[in-house]
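This is what each chain is made of:
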There are 2 protein chains.
Amino acid sequence: MSRWAYVNGRYVRHTDASVHIDDRGYQFADGVYEVWAVRGGRLLDMERHLARLQRSLGELRIPVPMRDPALRTILEEVRRRNRVRDGLVYLQVTRGVAPRDHAFPNTAPAPSVVATSRAIDIDAFEARAKVGVKVVTMPDERWARCDIKTTALTANVQAKQAAKEAGAQEAWLLDADGFITEGASTTAWIVDPEGQLVTRSIQDNILPGVTRASLIELAQAQNIKLVERPFTPREAAQAREAFMTAAGALLMPVVEIDGHSIGDGAPGPVAIRLRQAYLAFTQGQA
Amino acid sequence: MSRWAYVNGRYVRHTDASVHIDDRGYQFADGVYEVWAVRGGRLLDMERHLARLQRSLGELRIPVPMRDPALRTILEEVRRRNRVRDGLVYLQVTRGVAPRDHAFPNTAPAPSVVATSRAIDIDAFEARAKVGVKVVTMPDERWARCDIKTTALTANVQAKQAAKEAGAQEAWLLDADGFITEGASTTAWIVDPEGQLVTRSIQDNILPGVTRASLIELAQAQNIKLVERPFTPREAAQAREAFMTAAGALLMPVVEIDGHSIGDGAPGPVAIRLRQAYLAFTQGQA
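About the thresholds
Residues numbered from 1 in each chain as written. Chains lettered and ligands numbered in written order. Predicted model: local features only at pLDDT ≥ 70, side-chain atom pairs only at ≥ 80, totals over all residues. Heavy atoms only, no water. Helix = DSSP H or I, 4+ residues; strand = E, 2+ residues; numbered from the N terminus. Expected span 1.5 Å × (residues − 1). Buried < 20%, exposed > 50% of the residue type's maximum accessible area, 1.4 Å probe, protein only. Least-squares fit on C-alpha atoms with pLDDT ≥ 70 in both. Contact = heavy atoms within 4.5 Å. Pairing = 2+ DSSP bridges. Axes fitted to C-alpha atoms, helices over the stretch in contact; angles between N-to-C directions. Parallel < 35°, antiparallel > 145°, perpendicular 65-115°, else oblique. Left-handed = near helix turned anticlockwise from the far one by under 90°. Nonpolar A, V, L, I, M, F, W, Y, C, P; charged D, E, K, R; others polar. Core = buried A, V, L, I, M, F, W, Y, C linked by side-chain atoms within 4.5 Å. Buried area = accessible area lost by both parts, 1.4 Å probe. Salt bridge = Lys/Arg side-chain N within 4 Å of Asp/Glu carboxyl O. Polar contact = N/O pair within 3.5 Å; in protein donor to acceptor, adjacent residues only side chain to side chain.

Undergrad: Just to check I follow, could you spell out helix 5 (residues 154-165) of chain A for this structure?
TA: Since one α-helical turn is 3.6 residues long, residues separated by three or four positions face the same way. All names here are of chain A. Helix length check: helix 5 (12 residues) gives 17 Å between terminal C-alpha atoms against 16 Å at 1.5 Å per residue, within 8%. Within helix 5, nine of the 12 residues are buried, which leaves it mostly tucked inside the rest of the structure. Those residues of helix 5 that fall on the buried side of the exposure criterion are Thr-154, Ala-155, Asn-156, Val-157, Gln-158, Ala-159, Lys-160, Gln-161 and Ala-163. Phi for Gly-167, located one or two positions after helix 5, is positive at around 80 degrees.

Okay, structure coming up:
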């Protein structure tokens, strides 16, 4: 089956999908992105991702390429053309093509818009969630504006690779004071010894996670107390449970940190309950 | 006249020069670059740039795409095809094309290699050097590995644009202690009240500037004392002279910082002398 991509106004075969070498996304990482989880053919948390995209574009002062309904149509069409039932939709928007110069072009080019979609192995994904994953910690070397979802992911790539080589599935990054900021591509959570859900505040130089925001609502609906504060690897190792969230991971239990088992080394009841609630919630989305 | 670019093994018309949307340079800023100044048809400081490219690739663990002589041939050919006498040659190397995933691809793809060249208005450039430029300072929001010349330039773009909007030509970036690290795309220098040349050490999270390295040799040959240490905007405002270096700027006098004139508000004698020495040195390069 052919894969399709949307590139600057056209649906093209994925193998032929290209951007100009002077695209500022390529030369300057002058762009932002979003990833939607797809379940049962539907893009989850559509509105929250679109809202975050707008915010990221605004922070970098990249013009909005089109209105939300037009973007929605593209995202859904690219999913449809790739016949993705369970998987991801990826959207990237950059400042566009211009002769190379650090400052914004004097005449704003049209922003570049690229969208792709691909299926995931949902059975393997569910199997992994039943077992949980391992994380390792390392210094957070990223820039001062991690609240913007830019494609300047060099540090994230290096961290993820280091985690992989350490036999783990994610890197939890440490700020200068030794607190966990977030994962290389996920939000970090623990359930503390009192049963409270703990995650870092989005005021504290982390990405405002979309799945994080939905999960907070679901936790509140279940009367699970949430504390937004930084926590250490030591606290995580001594926590009842830990997990990570993201569009790609949904809610993935974390059962080991830096070689220390968390809880009894298996996904905990709060993680399992919230994961089910999130899946049920997403089934209910229009 | 047609412009030409080198893209992954072929010389193509610049308008047609493209890379795949799954190039990791586009999606992750998982790549590095170099810029050579061209004067009189020759690429300046060829070897030092090639050495730094190798180092950057090594730090990100991107395979070296080809040996230096082959790269040299491409760089010189792309200059020749574009008939550039005075200008720039740009080279970008990324980890290559692979399905999107933060960690390195399990099977390493061929690195992507893109090279372009363009002329500058040498008369306008020389005229600007006679007058000098203005800089403004702002917080350095970049990541912890500014010694690697990656394309993750989001922070640099924002800083350069802010400088431009403030009526300046460069942003000098400030670390958490209020010291200048470097410019958004240049190395920062002052001549202190004792006539000593002062620039930050490359051990201190800045790019190891190629023009910087050549200039240090030329200063030593002229018995100008060099002190490698951080300096503040206040010191710069009270300095005898200031200037910035880079392949694009060569040596550009800085005559104003944050609205304060430096020295008598005109390019100083040390900057002028070193600029002439650098131009003479580059004439002499084979």
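Undergrad: I keep staring at the relation of the copies chain B and chain A and nothing clicks. Help me out?
TA: Each of the two copies of the chain can be brought onto the other by a rotation about an axis and a shift along it. Relative to chain A, chain B is turned by 180 degrees and slid 0.0 Å along the rotation axis, the superposed coordinates differing by an RMSD of 0.0 Å. Overall, the copies show the geometry of a two-fold rotation axis. Looking at the interface residues of chain B, 100% of them are also at the interface in chain A, so both copies use one shared face.

Undergrad: Hey, could you run me through the environment of B:Ile257 in this one?
TA: All names here are of chain B. Following the sequence through the fold, Ile-257 ends up in strand 15 (residues 250-257). Here Ile-257 falls in the buried class, since its relative accessible area comes to 1%. Between the alpha carbons of Ile-257 and Arg-145 there is a distance of 26 Å; along the sequence they are 112 residues apart. Ignoring any residue separated from it by four or fewer positions in sequence, one finds Ile-257 in contact with Val-135, Thr-137, Trp-172, Ile-180, Pro-233, Ala-236, Ala-237 and Ile-262.

Undergrad: Explanation requested: the sheet that holds strand 4 (residues 31-39) of chain B in the structure shown.
TA: Strand pairing in a sheet takes place through backbone hydrogen bonds and is either antiparallel or parallel in direction. Residues and elements named next belong to chain B. Taking strand neighbours across the sheet as the criterion, the six strands line up as 2-1-7-6-4-5 in an open arrangement whose pairing is antiparallel. Pairing within the sheet leaves two strands with one partner each, and these edge strands are strand 2 (10-13) and strand 5 (42-43). Both strand 4 and strand 6 (residues 87-94) contribute to a ladder of eight bridges, which runs antiparallel. Residue pairing in the sheet places Val-35 in a bridge with Tyr-90 of strand 6.

Undergrad: How do you make sense of the packing of helix 2 (residues 46-60) of chain A against helix 6 (residues 210-221) of chain A when you look at a structure like this?
TA: When two helices pack together, their arrangement is captured by the angle between the axes and the distance separating the axes. All names here are of chain A. One can describe the packing of helix 2 onto helix 6 by two numbers: an axis separation of 9 Å at closest approach and a directional angle of 130 degrees. Taken together, the axes of helix 2 and helix 6 lie oblique to each other. For the element pair helix 2 and helix 6, the recorded crossing hand is right-handed. The segment helix 2 lies against helix 6, with Arg-48, His-49 and Arg-52 engaging Val-210, Ala-213, Ser-214 and Glu-217. Here the contact of helix 2 with helix 6 is composed, by residue class, of two nonpolar, two polar and three charged.

Undergrad: Mind showing me how you'd approach the nonpolar core here?
TA: Soluble globular proteins tend to bury their nonpolar side chains together. Judged by nonpolar contacts, the single largest core of 50 residues is most densely connected at A:Trp172, A:Leu197, A:Phe243 and A:Leu274. With residues near it in sequence (within four places) discarded, A:Leu197 still touches A:Trp189, A:Ile190, A:Val191, A:Ala219, A:Ile224, A:Lys225, A:Leu226, A:Val227, A:Phe243, A:Val270 and A:Leu274.

Undergrad: What is the right way to read the interface of chain B and chain A from this model?
TA: Interface extent is often summarised as the accessible area lost during association of the parts. With 57 residues of chain B in contact, the opposing surface of chain A contributes 57 residues. A combined buried area of about 4,700 Å² lies between chain B and chain A, and 56% of that area is made up of carbon and sulfur atoms. A per-residue breakdown of the area chain B buries against chain A is headed by B:Ile21, B:Tyr26 and B:His102, which together make up 18% of the total. Between chain B and chain A we count two salt bridges in total. The partner of A:Glu165 in a salt bridge is B:Arg61, with the nearest N and O atoms 2.7 Å apart. For the interface between chain B and chain A, the tally reads 33 residue pairs in polar contact (both at pLDDT 80 or more). Per-element accounting of the side of chain B that touches chain A gives the leading share, nine residues, to helix 5 (residues 154-165) of chain B. The pairing of strand 3 (residues 18-20) of chain A with strand 3 (residues 18-20) of chain B spans three bridges and is antiparallel. Bridge pairing in strand 3 of chain B places A:Val19 opposite B:Val19.

Undergrad: I'm lost on the side chain of A:Gln161 in this one. Help?
TA: Structurally, the position occupied by A:Gln161 is in helix 5. Residue class for A:Gln161 comes out buried when judged on its relative accessible area of 7%. There is a polar contact of 2.9 Å between the side chain of A:Gln161 and the backbone nitrogen of B:Phe104. Ignoring anything within four residues of it in the chain, the contact list for A:Gln161 reads B:Arg61, B:Ala103 and B:Phe104.

Undergrad: In this structure, what is going on with the pattern of salt bridges? I would like to understand it.
TA: Side chains that differ in charge, positive against negative, can pair when their charged atoms come close. Tallied over the entire structure, the rule returns 40 salt bridges over all chains. For A:Glu228, the salt bridge is made with A:Arg212, and the minimal N-O distance between the two is 2.5 Å. Residue A:Glu228 is located in strand 13 (residues 226-228), and its partner A:Arg212 is located in helix 6; the two are separated by 16 residues in the primary sequence. Look at A:Arg212 and you get buried, because its relative accessible area is 4%. For B:Arg142, the salt bridge goes to B:Glu182, with nearest N and O atoms at 3.0 Å. Here the residue B:Arg142 occupies a position in the loop between strand 8 (133-139) and helix 5, and B:Glu182 occupies one in strand 10 (residues 180-183), the gap between them amounting to 40 residues. Here B:Arg142 falls in the buried class, since its relative accessible area comes to 14%. B:Glu182 sits in the buried class, given a relative accessible area of 4%. Connected via shared salt-bridge partners are A:Arg55, A:Glu59, A:Arg145 and A:Asp147.

Undergrad: Please explain the side chain of B:Thr282 as it appears in this structure.
TA: By the element assignment, B:Thr282 lies in helix 8 (residues 269-283). Here B:Thr282 is in contact with B:Arg42 and B:Leu44, once residues within four sequence places are set aside.

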